[in-house]
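# Per-entry structural report
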Amino acid sequence: MAKRQRVATVFLLTLVTSACATGQYTPLVGADRDEVEQLKEHVYRVEYRVSSFTSQEQLDAYLRRRCAELTLREGYDFFHLAQRADVLALSRRTSMTVTMYKGTKPVGADDVYDAKEVLAQPELLSGSQ
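These numbers come from a predicted model, not from an experiment. (Residues numbered from 1 in each chain as written. Predicted model: local features only at pLDDT ≥ 70, side-chain atom pairs only at ≥ 80, totals over all residues. Heavy atoms only, no water.)

## Here's the deal with the overall build of the protein
Rules: To qualify as a helix, a DSSP run of H or I must reach at least 4 residues; to qualify as a strand, a run of E must reach at least 2; elements of each kind are numbered from the N terminus. Whether two residues are in contact is decided by their heavy atoms: any pair within 4.5 Å suffices. Computed with the Shrake-Rupley method and a 1.4 Å probe, the accessible areas treat only the protein chains shown as cover for residues.
For the protein, the count of helices and strands is 3 helices and 5 strands. Order of helices (α) and strands (β) in the protein, N terminus to C terminus: α-β-β-α-β-β-β-α. Across the protein, the fraction of contacts at a sequence separation of at least 24, relative to all contacts at a separation of at least 6, is 68%. As displayed, the protein offers around 8300 Å² of accessible surface, 56% of which is attributable to carbon and sulfur atoms.

## Overview of the pattern of salt bridges
Side-chain pairing between opposite charges can occur once the charged atoms of the two side chains come close. Rules: Here a salt bridge means any side-chain nitrogen of Lys or Arg lying within 4 Å of a carboxyl oxygen belonging to Asp or Glu. Type-normalised accessible area, obtained with a 1.4 Å probe on protein chains alone, sets the label of each residue: buried when under 20%, exposed when over 50%, and partly exposed for intermediate values.
Evaluation of the coordinates by the stated rule reveals 8 salt bridges. We note a salt bridge from Glu35 to Arg66, for which the minimum N-O separation is 2.9 Å. Here Glu35 is found in the loop between α1 (2-21) and β1 (36-40), whereas its partner Arg66 is found in helix α2 (residues 56-73), with 31 residues between them in sequence. For the pair Glu35 and Arg66, a shared accessibility class is recorded, and that class is buried. Across the pair Glu47 and Arg49 runs a salt bridge, and its minimum N-O distance is 2.6 Å. Judged by its relative accessible area of 9%, Glu47 falls in the buried class. For Arg49, a relative accessible area of 33% puts it in the partly exposed group.

## Brief notes about the pairing of strand β4 (residues 91-101)
Selection criterion: Paired strands, in this sense, are two strands between which DSSP finds at least two bridges.
By the criterion of burial, β4 is predominantly enclosed, with 8 of the 11 residues buried. Bridge analysis of strand β2 (residues 43-51) against β4 gives 9 bridges, and the strand direction is antiparallel. Counted as the bridge partner of Arg45 is Thr97 from β4. Taken together, the 9 bridges between strand β3 (residues 78-88) and β4 define a ladder with antiparallel strand orientation. Its bridge partner being in β4, Val87 is matched across the sheet by Arg93. The antiparallel hairpin formed by β3 and β4 contains 2 residues in its connecting segment.

## Brief notes about the packing of aromatic side chains
Quick reminder of the rule: Centre distance within 6.5 Å is the pairing criterion for rings of Phe, Tyr and Trp, where only the six-membered ring of Trp is used; planes under 30 degrees apart are then read as stacked, over 60 as edge-to-face, and the remainder as tilted. By definition here, charges over rings are those cases where NZ of Lys or CZ of Arg is within 6 Å of the ring centre and within 35 degrees of the ring normal.
For the structure shown, the criterion picks out 2 aromatic pairs. Ring centres of Phe79 and Tyr113 lie 5.2 Å apart, and the angle between their planes is 20 degrees; on these two criteria the pair is classed as stacked. Here Tyr113 lies in strand β5 (residues 112-114) and Phe79 lies in strand β3, a separation of 34 residues in the sequence. Across from the ring centre of Tyr76, 5.1 Å away, lies the NZ or CZ of Lys102, which sits over that ring.

Quick look at the structure:
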């Protein structure tokens, strides 16, 4: 009986610590294929998944970084996020529609991100989960 309890305890500790570790940022090159889907020439659906222990602030920062990486990879400079969908279960999953722009920032668009500026910001520490 004591051996079973030790095995169960080790299993639970492994599960909890591995869930926290999944909250670290994964660059776009390490993403699964289903996390980015091209909808139109300059419009994509981007999904990001983290552990359920990751804060909303950290998830949002990771999603912006992923979108900034994709924007630059595709040869664009700016991006706009819309149509957010969140799912919270054992893990957190967020998807957004990303519209990308080249050249100068669209006039009057306060909610458009400069991809280079987003990537220049320091990442949030994964310890804030």
